Amino acid sequence: MKNLIQKYNIPGPRYTSYPTVPFWDKEGIAQQDWERTVKKSFDESNQVEGISLYIHLPFCESLCTFCACHKKITKRHEVEQPYMDTVLKEWDLYCDLLVERPKIREIHLGGGTPTFFSSKNLKKLINGIFKRADKFETFDFSYEGHPNHTSEEQLQTLYDLGSRRNSFGIQDYDPKVQKAIHRVQSFEQVKRVNDLSRKIGYESISHDLIFGLPFQTEESIRNTIKNTIELKPDRIAYYSYAHVPWIKGVGQRGFDENDLPKDNEKRYLYELGKQLFFDNGYIEVGMDHFALPTDSLHKAMESKKLHRNFMGYTAGKTELMIGLGMSSISDSWYAFAQNEKDVDVYTEKVNSGVIPIFRGHLLTEQDLIVRKHILNLMCNLETEWKIGLDVTIKNEIIERLQEMIDDGLLEVSDTKITVKEEGRMFVRNICMAFDLRLLENKPDTRVFSMTI
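Residues numbered from 1 in each chain as written. Predicted model: local features only at pLDDT ≥ 70, side-chain atom pairs only at ≥ 80, totals over all residues. Heavy atoms only, no water.

1. What about the overall build of the protein chain?
Here is step 1: Counting its secondary structure elements, the protein chain contains 15 helices and 19 strands.
Here is step 2: Relative to a compact globule of 452 residues, whose C-alpha radius of gyration would be 22 Å, the protein chain shows 21 Å and is just as compact.
Here is step 3: Taken over the C-alpha atoms alone, the protein chain extends approximately 55 × 50 × 40 Å along its principal axes.
Here is step 4: Within the protein chain, the proportion of its 452 residues that are buried is 58%. (Helix = DSSP H or I, 4+ residues; strand = E, 2+ residues; numbered from the N terminus. Rg over C-alpha atoms; globule rule 2.2 N^0.38 Å. Buried < 20%, exposed > 50% of the residue type's maximum accessible area, 1.4 Å probe, protein only.)

Written out as structure tokens, the structure is:
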């Protein structure tokens, strides 16, 4: 296995979309084409499955040096109100386009730090969304919280607004690691917000952990997972640290690359964590996620309803996902569009009455077919050939997979591809064999984090 890790540990996409962002059409997407696909998707799916809403709340009081998200560092909380007003104006632009009242199946507040916002403003934001929308018959409202910046009042307010699921970014409990990534929080602080969530009535609590951070050791990971298991979250995301310091603004320069666990050492930390989760009743879901059998994410996997999009793994699919806020990415199934990344430019566009996209991609018929295969592999660890690829392309994919087949990582039959348990850690590599955009446009410079 060590040799396989060294062999396949190459830069590769995480496949929260296909095509992945670096391979969207360089000319972007015309505003009218984006609006047309949004309307098409909405008309097809609103009554049947509802829509998803991702709201990006980008503000953080301090910079975490492991983070590759688009954020804005400030302690000035007066930024909340104007930003929230702009997000609601953007929502009005979409509602005007859609005409019929949207039925929202899922809302997720991401960041940044959503709990940077006061309870009062969080209430105004969500109530403002539902002035022009209704809840779908099944409704899921979740948000990300920073343990140091989440109060009982915020937890209660969001619960009263309909949230039954939250997620806390823990990353690691070791003081040396926390100092290196500029994310210092005690176990007692995490326990406080976790216990308060249970007391209030949250049905699913998730903890995010990261392996591969600077100065992590077997001992520190064991201690982090021991503390995590003590609080028994319903879900655990155990992410591989994506070291991408070349991307502007991520702030991943607070430590030396030599401080990071390498290849087999890093993968051992994952396998160690995985076994500890298994020993305590968690089941692996998709890639990098673990859940208790009672959690909706595990149930979705069992019923083959697991979905993956820019919010990560979700327990249900909607054809249309609208992203609100600076840098948010929307998905109409037929196209992708990303909002302006600069908060001032984003605000200016919204105030001028324009949906504030700055780049996007209109999927071709071939894109849509490949997208289905990659989604199936990422969610179900298998895909069927009947999803109509050209015979020549199918044979080329099998040829690219042959080495992994020989290494015992997957099985290929006349009807489908199945990822074996031994191949689970290499699922990103397997998906890359389907990635026609990547193969046609191999980047000259480093774009992606390592697959393992």
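Having seen the structure, we can now continue with the description.
2. Focus on the pairing of strand β7 (residues 204–211)
Here is step 1: Burial analysis of β7 places eight of its eight residues in the buried class, which makes it a mostly covered element.
Here is step 2: Here β7 shows a buried face lined by S204, S206, D208 and I210 and a second buried face lined by I205, H207, L209 and F211.
Here is step 3: Pairing of strand β6 (residues 165–171) with β7 involves six bridges; the strand directions are parallel. Among the inter-strand pairings, S167 is bridged to a residue of β7, identified as S206.
Here is step 4: One ladder, built from six bridges, connects β7 with strand β8 (residues 235–240); its direction is parallel. Its bridge partner being in β8, F211 is matched across the sheet by S240. (Pairing = 2+ DSSP bridges.)

3. Overview of unusual backbone geometry
Here is step 1: Cis geometry marks the peptide bond from Y18 to P19, where omega comes out at -5°.
Here is step 2: Going from G111 to G112, the amide bond is cis rather than trans, its omega being 15°.
Here is step 3: When you line up the elements, G112 lands in the loop between β4 (103–111) and α4 (119–129).
Here is step 4: Despite not being glycine, F215 shows a phi value in the positive range, around 70°.

4. What about helix α7 (residues 187–200)?
Here is step 1: In this model, α7 (14 residues) spans 20 Å end to end at C-alpha, consistent with the 20 Å of a helix rising 1.5 Å per residue.
Here is step 2: For α7, every residue scored as buried is listed here: F187, V190, V193, N194, L196, S197 and I200.
Here is step 3: Among the structural elements, α5 (152–160), β6, β7 and α8 (218–231) are those in contact with the buried residues of α7.
Here is step 4: Just past α7, the residue G201 takes up positive phi, approximately 125°. (Expected span 1.5 Å × (residues − 1). Contact = heavy atoms within 4.5 Å.)

5. A short note on the packing of aromatic side chains
Here is step 1: For the structure shown, the criterion picks out 22 aromatic pairs.
Here is step 2: Where F277 meets F290, the ring centres are 4.8 Å apart and the plane angle is 50°; that geometry is what we call tilted. Of this pair, F277 sits in helix α9 (residues 263–279) while F290 sits in strand β10 (residues 289–291), and the two are 13 residues apart along the sequence. A single burial state applies to F277 and to F290, both of which are buried. (Phe/Tyr/Trp six-rings, centres within 6.5 Å; stacked < 30°, edge-to-face > 60°.)

6. A few points about the UniProt feature "binding site: S-adenosyl-L-methionine 1" (unreviewed entry) in the protein chain
Here is step 1: Within this numbering scheme, the UniProt entry marks Y54, G111, E144 and I329 as carrying the feature "binding site: S-adenosyl-L-methionine 1" (unreviewed entry).
Here is step 2: As for its position among the elements, Y54 is in strand β1 (residues 51–57).
Here is step 3: Among the residues examined, Y54 registers a relative accessible area of 14% and is labelled buried.
Here is step 4: In this view, Y54 contacts H108, G110, G111, M311, I322, G323, L324 and S328; residues no more than four positions away in its chain are not counted.
Here is step 5: Inspection of the secondary structure puts G111 in strand β4. (UniProt positions renumbered as here; feature names shortened; annotations may be inferred.)

7. Structural notes on the pairing of strand β19 (residues 416–419)
Here is step 1: Only one face of β19 is buried: it carries I417 and V419, and the other face, with K416 and T418, is open.
Here is step 2: In this structure, strand β17 (residues 382–384) lies alongside β19, joined through three bridges in antiparallel fashion. Looking at β19, one finds that E382 is bridged to T418.
Here is step 3: Both strand β18 (residues 410–412) and β19 contribute to a ladder of three bridges, which runs antiparallel.

8. Re the side chain of H289
Here is step 1: Along the polypeptide, H289 turns up in strand β10.
Here is step 2: A polar side-chain atom of H289 sits 3.0 Å from the main-chain carbonyl oxygen of M287.
Here is step 3: Leave out the neighbours within four places in its chain, and H289 touches I236, A237, Y239, I283, E284, L297 and Y313. (Polar contact = N/O pair within 3.5 Å; in protein donor to acceptor, adjacent residues only side chain to side chain.)

9. Considerations on the domain arrangement of the protein chain
Here is step 1: Along its sequence, the protein chain is carved into domain 1 (16–362) and domain 2 (365–440).
Here is step 2: Relative placement of domain 1 and domain 2: their C-alpha centres are 27 Å apart.
Here is step 3: Between domain 1 and domain 2, a total of about 2000 Å² is buried, with carbon and sulfur atoms accounting for 58% of that surface.
Here is step 4: By the criterion of area lost to domain 2, the three top residues of domain 1 are Y18, F23 and W333, representing 38% of everything that side buries.
Here is step 5: Taken together, the connections running from domain 1 to domain 2 amount to five salt bridges.
Here is step 6: Residues R371 and D331 are paired through a salt bridge, measuring 2.4 Å at the closest nitrogen-oxygen approach.
Here is step 7: Those elements giving two or more residues to the side of domain 1 that touches domain 2 turn out to be α9, β9 (283–285), β11 (307–309) and β16 (357–362). (Domains from an automatic or database assignment. Buried area = accessible area lost by both parts, 1.4 Å probe. Salt bridge = Lys/Arg side-chain N within 4 Å of Asp/Glu carboxyl O.)

10. A word on the nonpolar core
Here is step 1: Ranked by internal contacts, the top residues of the largest apolar core, which has 73 residues, are I55, W91, L109 and Y238.
Here is step 2: Ranked by the residues each element gives to this core, the list is headed by helix α3 (residues 80–98), at nine residues.
Here is step 3: In contact with W91, other than residues within four places in its own chain, are I51, L53, P102, I104, G128, I129, R132, A133, I322 and L324. (Core = buried A, V, L, I, M, F, W, Y, C linked by side-chain atoms within 4.5 Å.)

11. Side note on the packing of α3 against helix α11 (residues 343–351)
Here is step 1: With their axes 9 Å apart at the nearest point, α3 and α11 run at an angle of 45° to one another. By the angle between their directions, the pair α3 and α11 is classed as oblique. α3 and α11 meet at a crossing whose hand is left-handed. Residues Y83, T86, V87, K89, E90 and L93 of α3 touch α11, and the partners they reach there are V343, Y346, T347, V350 and N351. (Axes fitted to C-alpha atoms, helices over the stretch in contact; angles between N-to-C directions. Parallel < 35°, antiparallel > 145°, perpendicular 65-115°, else oblique. Left-handed = near helix turned anticlockwise from the far one by under 90°.)

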